[in-house]
Amino acid sequence: MKNIILVTGGAGFIGSNLINYLLKKTNNKIISLDNYFTGSKKNHIINNRVKYINGDNQKISILLNKYKSTIKVIYHFGEFSRIYQSFFMFKKCIDYNLKGSFEVITFASLNDIKIIYSASSSMLGNRGKDENLSPYSWSKSKNIELIQNFNSWFGLRYEIVFFYNVYGPGQIKKSKMSAVIGIFEDLYDQKKPLTVVKPGTQKRDFTHIDDIVRGCYLAWKKGNQSKYMLGTKKQYRLIDIAKMFKRPIKLIPLRKGERFKSSITNNNAFNQLNYKATINIKDYIKNYIKKN
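The structure presented is a predicted model; accordingly, all values stated were derived computationally and were not measured. Residue positions within a chain follow its written sequence, with the count starting from 1. In keeping with the predicted nature of the model, local features appear solely for residues at pLDDT of at least 70, side-chain atom pairs appear and are counted solely at 80 or more, and the whole-chain, interface and lining totals rest on all residues. Calculated side-chain values reflect all of the structure's heavy atoms, with hydrogen atoms and water omitted.

### Side note on the nonpolar core
Logical step 1: Here, nonpolar core means buried Ala, Val, Leu, Ile, Met, Phe, Trp, Tyr and Cys residues that are tied together by side-chain atoms lying within 4.5 Å of each other. The buried label applies to any residue whose accessible area, calculated with a 1.4 Å probe on protein chains only, is under 20% of its type's maximum; exposed applies above 50%, and partly exposed to all values in between. Core analysis: the biggest nonpolar cluster contains 36 residues, and Leu22, Tyr75, Phe163, Cys216 and Leu230 have the highest contact counts within it.
Logical step 2: Each helix corresponds to a stretch of at least 4 residues labelled H or I by DSSP, and each strand to a stretch of at least 2 residues labelled E; elements are numbered beginning at the N terminus. Elements with a minimum of two residues in this core: strand E1 (4-8), helix H1 (13-25), strand E3 (50-54), strand E4 (71-76), strand E6 (158-163), helix H7 (209-222), strand E11 (227-230) and helix H9 (268-273).
Logical step 3: Here the element with the most residues in this core is H7; it accounts for eight residues.
Logical step 4: When checking whether two residues touch, look at their non-hydrogen atoms; a contact exists if any pair is within 4.5 Å. Ignoring any residue separated from it by four or fewer positions in sequence, one finds Cys216 in contact with Leu18, Tyr75, Phe77, Val161, Phe163 and Leu230.
Logical step 5: Ile74, Ile105, Ile144 and Leu156 belong to the second largest nonpolar core, which has 28 residues in total.

### A few points about the sheet that holds E11
Consider a sheet: its strands pair through backbone hydrogen bonds, and that pairing is either parallel or antiparallel.
Logical step 1: Here we have seven strands laid out as an open sheet, ordered E3-E2-E1-E4-E5-E6-E11, and parallel in their pairing. Only two strands of the sheet have a single neighbouring strand rather than two, namely E3 and E11. Adjacent strand axes in the sheet meet at a mean angle of 20 degrees, parallel and antiparallel pairs treated alike.
Logical step 2: Any two strands with at least two DSSP-identified bridges between them are counted as paired. Relative to E6, strand E5 (residues 114-120) is paired through six bridges, and the arrangement is parallel. From the neighbouring strand, Ala119 faces E6, where its bridge partner is Phe162.
Logical step 3: Running at roughly 160 degrees to E4, helix H4 (residues 90-110) makes contact with E4 and E5 of the sheet. Only the stretch in contact is used when fitting a helix axis, every axis being a line fitted to C-alpha atoms; angles between N-to-C directions are given from 0 to 180 degrees.

### A closer look at the pattern of salt bridges
Opposite charge on two side chains allows them to pair when their charged atoms are near.
Logical step 1: Counted as salt bridges are all cases of a side-chain nitrogen of Lys or Arg within 4 Å of a carboxyl oxygen of Asp or Glu. Taken as a whole and judged by the stated rule, the model has eleven salt bridges.
Logical step 2: Where Glu159 meets Lys114, a salt bridge forms, and the shortest distance between an N and an O atom there is 2.8 Å. Separated by 45 residues along the polypeptide, Glu159 in strand E6 and Lys114 in strand E5 bring together distant segments of the chain. Residue Glu159 shares its accessibility class with Lys114, and that shared class is buried.
Logical step 3: Put simply, Lys174 and Asp186 hold a salt bridge, and the shortest N to O gap is 2.7 Å. With a gap of twelve residues between them, Lys174 in the loop between strand E7 (166-167) and helix H6 (180-189) and Asp186 in helix H6 connect regions that are remote in the sequence.
Logical step 4: Look at Lys174 and you get exposed, because its relative accessible area is 67%.
Logical step 5: Judged by relative accessible area, which is 12%, Asp186 ranks as buried.
Logical step 6: Ionic contacts of the salt-bridge type, sharing partners, join the residues Lys91, Asp95 and Lys99 into one network.

### Structural notes on the packing of aromatic side chains
Logical step 1: Ring pairs shown here join Phe, Tyr and Trp side chains whose ring centres sit within 6.5 Å, with only the six-membered ring taken for Trp; geometry is labelled stacked below 30 degrees between planes, edge-to-face above 60, and tilted in between. One pass over the structure, following the stated rule, counts 17 aromatic pairs.
Logical step 2: Ring geometry for Trp153 versus Phe154: centroids 6.0 Å apart, planes at 75 degrees, classification edge-to-face.
Logical step 3: Assessed through its relative accessible area of 52%, Trp153 is described here as exposed.
Logical step 4: One aromatic cluster is present, built from ring pairs that chain together Tyr21, Tyr75, Phe77, Phe163, Tyr217 and Trp220.
Logical step 5: Geometrically, a lysine NZ or arginine CZ counts as sitting over a ring once it is within 6 Å of the ring centre and also within 35 degrees of the ring normal. Sitting over the face of the ring of Trp220, Lys221 holds its NZ or CZ atom 4.1 Å from the ring centroid.
Logical step 6: In this arrangement the basic side chain of Arg247 is found over the ring face of Tyr188, its NZ or CZ atom lying 4.1 Å from the centre.

Just distances and angles here, no functional claims.
Set out below in structure tokens:
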């Protein structure tokens, strides 16, 4: 009987929150496969239904061989996930996102396991041209092509969920792999000026982690082999987000791969999943300031 949910990257920010959500919504056993590049044992959830395996996705067929007949679904979230950093960590990005993901996709296909893949909104801007702005965005776009081709070639079952600048409790703060809200919070806590990449007018859709994991669950339960944009449909300029923290702001030089606008290309999340984001970044920042 297939009763295991596999979460790659289960010790990371999104993966650990997803596991916590799945524990509440299902009776399934859950396995996390993580190499702890950005994941942490601090994110482990102590529960007899959860098992943590330390290892690379490229070795999934060896590490998970004894579980292959009992895995119901794979949430594949264990990839390299930063735009600017992918330029100077290029090999790691390719190893994790192409080589590792190929093995996960193949494992899912050979064992008739549905895969939920975490895509990136970074590849959707500028009418699709932004997928070539960075090694990260390009690698994510190639994996979507590969998954869809595996569906056509071998009948792989899949759902693709697009993330939009995920933030919330447990996000990475003090690391070269921190995302923008984590960076702002860390600088706010240190009473330092918030650094904003020039020109500051770049627009982003920010989605709270609680909305993201709920959308991921709905994609598994209600999805029909499609793409789901788990955004809020509200965009804010980076400079305006920084101003909400009520701290001095310091503009820093434009970086490689910088994109200027987010994009939601379909309404599948609402139409097929009945999904709608419920948490507003403005309210989150107000509450963060009150607590800190």
